Amino acid sequence: MSDIKVGCLTIGLLDNNTYFLHRDGEFDCIIIDPARDGDMFVTRLREKGLQIKGVLLTHAHFDHIIGVDGIEMLVKAPVYGGKKDAPLYADPELNQSFKINKEIRIKLDHEVEEGDVIEIGSMKCKVLETPGHTAGSVCYYFEEEKLLFSGDTLFRETYGRTDFETGSEEDMRKSVKRLLELPEDVKVYPGHNDFTTIEHERKYNPLAY
(Lines give C-alpha, C1' and ligand atoms only; values in the text may rest on other atoms or scores of the structure.)
Protein backbone atom coordinates (compact mmCIF):
# COMPACT_ATOMS: atom_id res chain seq x y z
CA MET A 1 0.00 0.00 0.00
CA SER A 2 1.23 3.49 -0.84
CA ASP A 3 2.51 5.63 2.00
CA ILE A 4 2.11 8.75 -0.13
CA LYS A 5 -0.84 10.68 1.22
CA VAL A 6 -2.95 12.36 -1.49
CA GLY A 7 -5.11 15.33 -0.58
CA CYS A 8 -7.48 16.98 -3.02
CA LEU A 9 -9.20 20.34 -3.02
CA THR A 10 -11.82 20.90 -5.73
CA ILE A 11 -11.76 24.61 -6.33
CA GLY A 12 -11.75 27.44 -8.85
CA LEU A 13 -14.01 28.63 -11.64
CA LEU A 14 -14.10 25.25 -13.35
CA ASP A 15 -14.10 22.94 -10.31
CA ASN A 16 -10.51 21.88 -10.72
CA ASN A 17 -8.87 19.21 -8.63
CA THR A 18 -5.72 20.55 -6.97
CA TYR A 19 -3.65 17.78 -5.37
CA PHE A 20 -1.25 17.76 -2.43
CA LEU A 21 1.16 14.86 -1.92
CA HIS A 22 3.44 13.99 0.96
CA ARG A 23 4.87 10.87 2.51
CA ASP A 24 3.34 9.71 5.74
CA GLY A 25 5.42 11.18 8.56
CA GLU A 26 7.33 13.60 6.27
CA PHE A 27 6.79 17.29 5.60
CA ASP A 28 7.94 17.84 2.01
CA CYS A 29 4.88 18.43 -0.16
CA ILE A 30 4.16 18.43 -3.88
CA ILE A 31 1.28 20.48 -5.25
CA ILE A 32 -0.22 19.57 -8.62
CA ASP A 33 -2.16 22.10 -10.74
CA PRO A 34 -2.81 24.91 -8.22
CA ALA A 35 -6.20 26.23 -9.31
CA ARG A 36 -6.59 29.23 -7.03
CA ASP A 37 -4.58 31.95 -5.31
CA GLY A 38 -1.31 30.40 -4.26
CA ASP A 39 -1.07 32.15 -0.90
CA MET A 40 -4.14 30.24 0.28
CA PHE A 41 -2.48 26.91 -0.54
CA VAL A 42 0.77 27.89 1.18
CA THR A 43 -1.10 29.00 4.31
CA ARG A 44 -3.24 25.86 4.54
CA LEU A 45 -0.29 23.55 4.06
CA ARG A 46 1.83 25.41 6.60
CA GLU A 47 -0.97 24.99 9.12
CA LYS A 48 -0.59 21.24 8.62
CA GLY A 49 3.19 21.46 8.98
CA LEU A 50 3.79 20.83 5.27
CA GLN A 51 6.21 22.70 3.03
CA ILE A 52 5.75 22.98 -0.74
CA LYS A 53 8.92 21.66 -2.38
CA GLY A 54 7.69 21.31 -5.96
CA VAL A 55 4.86 22.39 -8.25
CA LEU A 56 3.84 19.97 -11.01
CA LEU A 57 1.71 21.26 -13.89
CA THR A 58 -0.07 18.89 -16.25
CA HIS A 59 -0.71 21.51 -18.95
CA ALA A 60 -0.80 25.24 -19.54
CA HIS A 61 -4.46 26.25 -19.29
CA PHE A 62 -5.21 29.07 -16.85
CA ASP A 63 -7.44 27.03 -14.55
CA HIS A 64 -4.56 24.69 -13.74
CA ILE A 65 -1.84 27.31 -13.26
CA ILE A 66 -3.55 30.32 -11.68
CA GLY A 67 -1.94 29.72 -8.28
CA VAL A 68 1.66 29.44 -9.43
CA ASP A 69 2.61 33.11 -9.08
CA GLY A 70 1.25 33.31 -5.54
CA ILE A 71 3.17 30.22 -4.49
CA GLU A 72 6.39 31.54 -6.00
CA MET A 73 6.04 34.79 -4.05
CA LEU A 74 6.04 32.92 -0.75
CA VAL A 75 8.17 29.81 -1.18
CA LYS A 76 11.06 28.66 -3.31
CA ALA A 77 9.65 25.63 -5.05
CA PRO A 78 10.65 24.63 -8.60
CA VAL A 79 7.87 24.51 -11.19
CA TYR A 80 7.69 21.59 -13.63
CA GLY A 81 5.67 21.39 -16.85
CA GLY A 82 5.74 19.91 -20.32
CA LYS A 83 8.40 21.38 -22.61
CA LYS A 84 6.04 21.48 -25.58
CA ASP A 85 3.61 23.65 -23.60
CA ALA A 86 6.28 26.27 -22.79
CA PRO A 87 4.87 28.76 -25.34
CA LEU A 88 1.41 28.43 -23.78
CA TYR A 89 2.68 28.97 -20.25
CA ALA A 90 4.24 32.24 -21.38
CA ASP A 91 1.29 33.61 -23.39
CA PRO A 92 -1.97 34.83 -21.77
CA GLU A 93 -3.89 34.30 -25.01
CA LEU A 94 -2.69 30.75 -25.51
CA ASN A 95 -3.17 29.78 -21.87
CA GLN A 96 -6.56 31.56 -21.98
CA SER A 97 -5.99 33.65 -18.86
CA PHE A 98 -7.10 36.71 -20.83
CA LYS A 99 -10.63 35.26 -20.64
CA ILE A 100 -10.69 35.98 -16.90
CA ASN A 101 -9.02 39.37 -17.26
CA LYS A 102 -5.62 38.13 -16.09
CA GLU A 103 -2.27 37.91 -17.79
CA ILE A 104 -0.61 34.76 -16.56
CA ARG A 105 2.95 34.29 -17.76
CA ILE A 106 4.93 31.41 -16.31
CA LYS A 107 8.53 30.49 -16.96
CA LEU A 108 9.04 26.88 -16.01
CA ASP A 109 12.04 25.98 -13.87
CA HIS A 110 12.06 22.54 -15.46
CA GLU A 111 10.67 21.81 -18.93
CA VAL A 112 10.01 18.08 -18.74
CA GLU A 113 9.78 15.47 -21.47
CA GLU A 114 8.83 11.83 -21.90
CA GLY A 115 10.67 9.55 -19.49
CA ASP A 116 12.05 12.27 -17.24
CA VAL A 117 12.12 11.30 -13.58
CA ILE A 118 11.27 13.93 -10.98
CA GLU A 119 12.45 13.47 -7.41
CA ILE A 120 11.09 15.77 -4.70
CA GLY A 121 12.00 14.81 -1.17
CA SER A 122 11.54 11.04 -1.00
CA MET A 123 8.85 11.08 -3.70
CA LYS A 124 9.60 10.09 -7.28
CA CYS A 125 7.50 10.12 -10.43
CA LYS A 126 7.93 9.55 -14.14
CA VAL A 127 6.80 12.01 -16.81
CA LEU A 128 4.49 10.62 -19.50
CA GLU A 129 3.88 12.86 -22.52
CA THR A 130 0.17 12.71 -23.34
CA PRO A 131 -0.66 15.22 -26.08
CA GLY A 132 -4.24 15.78 -27.14
CA HIS A 133 -5.73 18.38 -24.81
CA THR A 134 -2.65 20.47 -25.54
CA ALA A 135 0.49 19.52 -27.42
CA GLY A 136 2.52 19.59 -24.21
CA SER A 137 0.14 17.87 -21.82
CA VAL A 138 1.89 15.47 -19.44
CA CYS A 139 0.85 13.01 -16.77
CA TYR A 140 2.82 12.22 -13.62
CA TYR A 141 3.12 8.54 -12.80
CA PHE A 142 4.24 7.45 -9.35
CA GLU A 143 5.01 3.93 -10.48
CA GLU A 144 5.93 2.38 -7.14
CA GLU A 145 2.74 3.64 -5.50
CA LYS A 146 0.60 3.11 -8.64
CA LEU A 147 -0.71 6.67 -8.71
CA LEU A 148 -1.37 8.59 -11.94
CA PHE A 149 -2.13 12.31 -12.11
CA SER A 150 -3.73 12.67 -15.50
CA GLY A 151 -4.64 16.35 -15.81
CA ASP A 152 -7.17 16.88 -18.59
CA THR A 153 -6.15 13.81 -20.56
CA LEU A 154 -7.98 10.95 -18.84
CA PHE A 155 -11.19 11.52 -16.89
CA ARG A 156 -13.57 9.03 -15.32
CA GLU A 157 -15.39 7.42 -18.27
CA THR A 158 -14.35 10.22 -20.63
CA TYR A 159 -11.39 12.36 -21.71
CA GLY A 160 -10.36 15.98 -22.19
CA ARG A 161 -11.47 18.39 -24.88
CA THR A 162 -9.37 18.61 -28.01
CA ASP A 163 -10.72 21.81 -29.58
CA PHE A 164 -8.39 24.26 -27.83
CA GLU A 165 -5.13 25.68 -29.20
CA THR A 166 -2.67 22.83 -30.04
CA GLY A 167 -5.28 20.17 -29.20
CA SER A 168 -5.70 17.05 -31.32
CA GLU A 169 -8.36 14.35 -31.28
CA GLU A 170 -5.99 11.86 -32.89
CA ASP A 171 -3.28 12.54 -30.30
CA MET A 172 -5.82 12.28 -27.50
CA ARG A 173 -6.95 8.87 -28.69
CA LYS A 174 -3.35 7.63 -28.75
CA SER A 175 -2.58 9.12 -25.34
CA VAL A 176 -5.61 7.58 -23.62
CA LYS A 177 -4.95 4.19 -25.17
CA ARG A 178 -1.39 4.40 -23.94
CA LEU A 179 -2.48 5.20 -20.38
CA LEU A 180 -4.89 2.28 -20.44
CA GLU A 181 -1.88 -0.01 -20.88
CA LEU A 182 -0.75 0.81 -17.34
CA PRO A 183 -1.48 -1.80 -14.63
CA GLU A 184 -5.19 -2.11 -13.92
CA ASP A 185 -4.82 -1.26 -10.23
CA VAL A 186 -3.29 2.17 -10.90
CA LYS A 187 -5.39 4.89 -9.26
CA VAL A 188 -6.13 7.82 -11.56
CA TYR A 189 -6.43 11.35 -10.22
CA PRO A 190 -7.80 13.63 -12.99
CA GLY A 191 -7.87 17.41 -13.32
CA HIS A 192 -11.65 17.48 -12.98
CA ASN A 193 -14.41 15.16 -11.77
CA ASP A 194 -14.11 11.95 -9.77
CA PHE A 195 -11.15 9.66 -9.24
CA THR A 196 -10.99 6.39 -11.15
CA THR A 197 -8.74 3.41 -11.93
CA ILE A 198 -7.17 2.04 -15.07
CA GLU A 199 -9.26 -1.11 -14.64
CA HIS A 200 -12.47 0.94 -14.65
CA GLU A 201 -11.42 2.97 -17.68
CA ARG A 202 -10.55 -0.12 -19.70
CA LYS A 203 -14.20 -1.13 -19.29
CA TYR A 204 -16.01 2.19 -19.58
CA ASN A 205 -13.88 4.81 -21.31
CA PRO A 206 -15.11 5.49 -24.89
CA LEU A 207 -11.54 5.57 -26.19
CA ALA A 208 -10.84 2.09 -24.87
CA TYR A 209 -12.44 0.56 -27.95
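Please refer to the structure higher up on the page.
Student: Help me out: how do you make sense of the packing of aromatic side chains in this one?
Tutor: Within a pair of aromatic rings, the relevant descriptors are the distance that separates the centres and the angle that separates the planes. A complete count under the given rule lists 7 aromatic pairs for this structure. Centroid distance F20 to F41: 5.7 Å. Interplanar angle 55 degrees. Geometry classified as tilted. Remark: F41 occurs in helix α1 (residues 38–47) and F20 occurs in strand β2 (residues 16–23); sequence separation between them is 21 residues. When the ring of F142 is compared with that of F149, the centres are 5.7 Å apart and the planes differ by 80 degrees; the resulting orientation is edge-to-face. Under the relative-accessibility criterion, F149 is labelled buried at 1%. Of the aromatic side chains, those joined through ring pairs into one cluster are Y19, F142, F149, Y189 and F195.

Student: Would you take a moment to explain the pairing of strand β8 (residues 123–129) for this structure?
Tutor: The side chains of a regular strand alternate between the sheet's two faces. Sheet topology note: the strand β7 (residues 117–120)/β8 ladder contains 4 bridges and is antiparallel. Pairing of I120 across the sheet is with M123, part of β8. Taking the residues that link successive antiparallel strands as the turn, the β7-β8 hairpin has 2 residues, and the phi of G121 there is positive, at about 60 degrees. Here 4 bridges tie β8 to strand β9 (residues 138–142), and the two strands are oriented antiparallel to one another. When the bridges of β9 are listed, V127 appears paired with Y140.

Student: Help me understand the pattern of salt bridges in this model?
Tutor: Working definition: two side chains of opposite charge can pair if their charged atoms are close together. Across all of its chains, the model carries 11 salt bridges by this definition. Note that R23 and E145 form a salt bridge whose closest N and O atoms lie 2.8 Å from each other. Of this pair, R23 sits in strand β2 while E145 sits in the loop between β9 and β10 (147–151), and the two are 122 residues apart along the sequence. Here R178 makes a salt bridge to E114, at a shortest N to O gap of 2.5 Å. Here R178, found in helix α5 (residues 169–179), pairs with E114, found in the loop between β6 (110–112) and β7; they are 64 residues apart in sequence, far enough to count as distant.

Student: Got a minute to help me understand the sheet that holds β8 in this structure?
Tutor: For sheets, the rule is that strands pair by backbone hydrogen bonds, running either parallel or antiparallel. The strand order β7-β8-β9-β10-β13-β14 describes an open sheet built from 6 strands, whose pairing is mixed. Looking along the sheet, the strands with just one partner apiece sit at the ends: β7 and β14 (196–197). Across 2 bridges, strand β13 (residues 187–190) lies against β14 in antiparallel orientation. Across the sheet, K187 pairs through a bridge with T197, a residue of β14.

Conventions we followed
Going along each chain's sequence as written, the residues are numbered from 1 onward. The predicted origin of the model limits local features to residues at a pLDDT of at least 70 and limits the giving and counting of side-chain atom pairs to 80 or more, whereas totals for whole chains, interfaces and linings rest on all residues. With hydrogens and water set aside, each side-chain value is computed from the structure's full complement of heavy atoms. Put simply, two rings from Phe, Tyr or Trp (the six-membered ring, in Trp's case) pair if the centres are within 6.5 Å, and we call them stacked under 30 degrees between planes, edge-to-face over 60, tilted for the rest. By the criteria applied, helices consist of DSSP H or I runs no shorter than four residues and strands consist of E runs no shorter than two, each listed in order from the N terminus. Burial classes follow relative accessibility: with a 1.4 Å probe on protein chains only, a residue under 20% of its type's maximum area counts as buried, one over 50% as exposed, and anything between as partly exposed. If DSSP finds at least two bridges between two strands, the strands pair. Any Lys or Arg side-chain nitrogen located within 4 Å of an Asp or Glu carboxyl oxygen qualifies as a salt bridge.

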